[in-house]
Amino acid sequence: MHTKWKASLLTAASTYVLYLWLSGQLNLYIHPRYTVFAGIAAGACLGLSILSSAGSPAQKNKRIALPELSLIVLLLSGILLPASTLSESTFSQRLIDGQPQTTGSTTTAPVLIGSTKGLDIRDWTNLLSRHSDPGFFTNKPAHISGFVYDAGLGSDTFLLARFVVTCCAVDARPIGIPVHLPDWVQQYSLGDWLEVEGVFKPDQAADREPLSLHTTEVNRIDVPEDPYVQ
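Residues numbered from 1 in each chain as written. Predicted model: local features only at pLDDT ≥ 70, side-chain atom pairs only at ≥ 80, totals over all residues. Heavy atoms only, no water.

A. Inspection of the overall build of the chain at higher detail. Within the chain, the regular secondary structure consists of six helices and five strands. When the 230 residues of the chain are sorted by exposure, 39% land in the buried category. Expressed as a percentage of contacts within the chain between residues at least 6 apart in sequence, the contacts between residues at least 24 apart total 66%. (Helix = DSSP H or I, 4+ residues; strand = E, 2+ residues; numbered from the N terminus. Buried < 20%, exposed > 50% of the residue type's maximum accessible area, 1.4 Å probe, protein only. Contact = heavy atoms within 4.5 Å.)

B. Looking closely at the pairing of strand S5 (residues 211-220). Note: strand S3 (residues 173-180) against S5, two bridges, orientation parallel. Considered in S5, the bridge of Val 179 is made with Leu 213. By the bridge criterion, nine bridges tie strand S4 (residues 193-202) to S5 in an arrangement that is antiparallel. Note that in S5 the partner of Glu 197 across the bridge is Glu 217. (Pairing = 2+ DSSP bridges.)

C. Focus on the confidence of the model for the chain. Residues of the chain with pLDDT of at least 70 account for 62%, and the chain-wide mean is 74. Within the chain, the lowest mean pLDDT, 52, falls on helix H5 (residues 109-112), and the highest, 93, falls on strand S1 (residues 142-149). (pLDDT = per-residue confidence, 0-100.)

D. Inspection of the sheet that holds S5 at higher detail. Pairing within the closed barrel is mixed, and its five strands lie in the order S1-S2-S3-S5-S4. Strand-to-strand twist across the sheet, computed as the mean angle between neighbouring axes with direction ignored, equals 60°. Contacting S1, strand S2 (157-164), S3, S4 and S5, helix H6 (residues 121-130) runs over the sheet at an angle of about 80° to S3. (Axes fitted to C-alpha atoms, helices over the stretch in contact; angles between N-to-C directions.)

E. Representation of the side chain of His 214 in the model. The topology assignment puts His 214 in strand S5. Residue classification places His 214 among the buried residues on the basis of a relative accessible area of 19%. A polar side-chain atom of His 214 sits 3.3 Å from a polar atom in the side chain of Ser 212. In contact with His 214, other than residues within four places in its own chain, are His 180, Glu 197, Gly 198, Val 199, Lys 201 and Pro 202. (Polar contact = N/O pair within 3.5 Å; in protein donor to acceptor, adjacent residues only side chain to side chain.)

F. How the structure looks around the packing of aromatic side chains. Per the stated rule, a full pass over the model turns up seven aromatic pairs. Put simply, the rings of Trp 124, Phe 136, Phe 137 and Phe 200 touch in pairs and so form one group of aromatic residues. Here the basic side chain of Lys 140 rests over the ring of Phe 136, its NZ or CZ set 5.7 Å away from the ring centre. (Phe/Tyr/Trp six-rings, centres within 6.5 Å; stacked < 30°, edge-to-face > 60°. Lys NZ or Arg CZ within 6 Å of the ring centre and 35° of its normal.)

G. Structural view of the nonpolar core. By size, the foremost hydrophobic cluster in this structure holds 25 residues, and its most contacted members are Trp 124, Phe 137, Phe 158, Ile 177, Phe 200 and Leu 213. Of all elements in the fold, only H6, S1, S2, S3, S4 and S5 reach the threshold of two or more residues within this core. For this core, the element with the most residues is H6, which contributes four residues. Sequence-distant contacts of Phe 137, that is, excluding residues within four places in its chain, are made with Trp 124, Leu 127, Leu 128, His 131, Phe 200 and Leu 211. In this structure, Leu 159, Phe 163, Ala 172 and Tyr 228 belong to the second largest nonpolar core, which totals nine residues. (Core = buried A, V, L, I, M, F, W, Y, C linked by side-chain atoms within 4.5 Å.)

H. Geometry of the pattern of salt bridges. Tallied over the entire structure, the rule returns two salt bridges. Here Asp 120 ties to Arg 122 by a salt bridge, and the two come within 3.7 Å at their closest N and O atoms. Note that Arg 220 and Asp 192 form a salt bridge whose closest N and O atoms lie 3.5 Å from each other. Taken together, the residues span a long stretch of sequence, with Arg 220 in strand S5 and Asp 192 in the loop between S3 and S4 at a distance of 28 residues. (Salt bridge = Lys/Arg side-chain N within 4 Å of Asp/Glu carboxyl O.)

Okay, here's the thing in structure tokens:
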């Protein structure tokens, strides 16, 4: 594959990454902490590819090697398929033994001193995995957001779900909180994003989670700018 063609391909790929960065869509693919670095790197690659293309003589050999072909496929896929967050179907695929995961760390100090301000869905997921005593959650309201996922918990309980991303969307792990809301299937669709407030109470059904978030307020929201939990 001649140099000018390689440079043109690198130019296209770098331009697309820059577009994602400047339009705020790059965080749908990678952790926000890496977006600035990726954008700067894409800008540097764009400059180098332009210089390489301008200074390279044309050649007749135009065989496309496997790495270049792979890049072409990825680039076309990114352009033709609009950027979007991971969906409830991906959530199902990444469950382990049919269950969401915990993330291994949580901010327990505010709960222990009686305040739950600032706790996100990841913190509550981990707390529920560690404490099954309802008394631990008494008078501790939760305020979390996520998308609706049907975990087979019945017509009055759904899973408020999100993904935790460490590096990029490839390593995204599903987490979720059972939310008690009578006839939720009549009000919301799978994948709807909600902001939920409520308190945790015991669930008496044997096939349910021991605790679920009983709602005091539910609001439909747009997909957040940063949809993944970091």
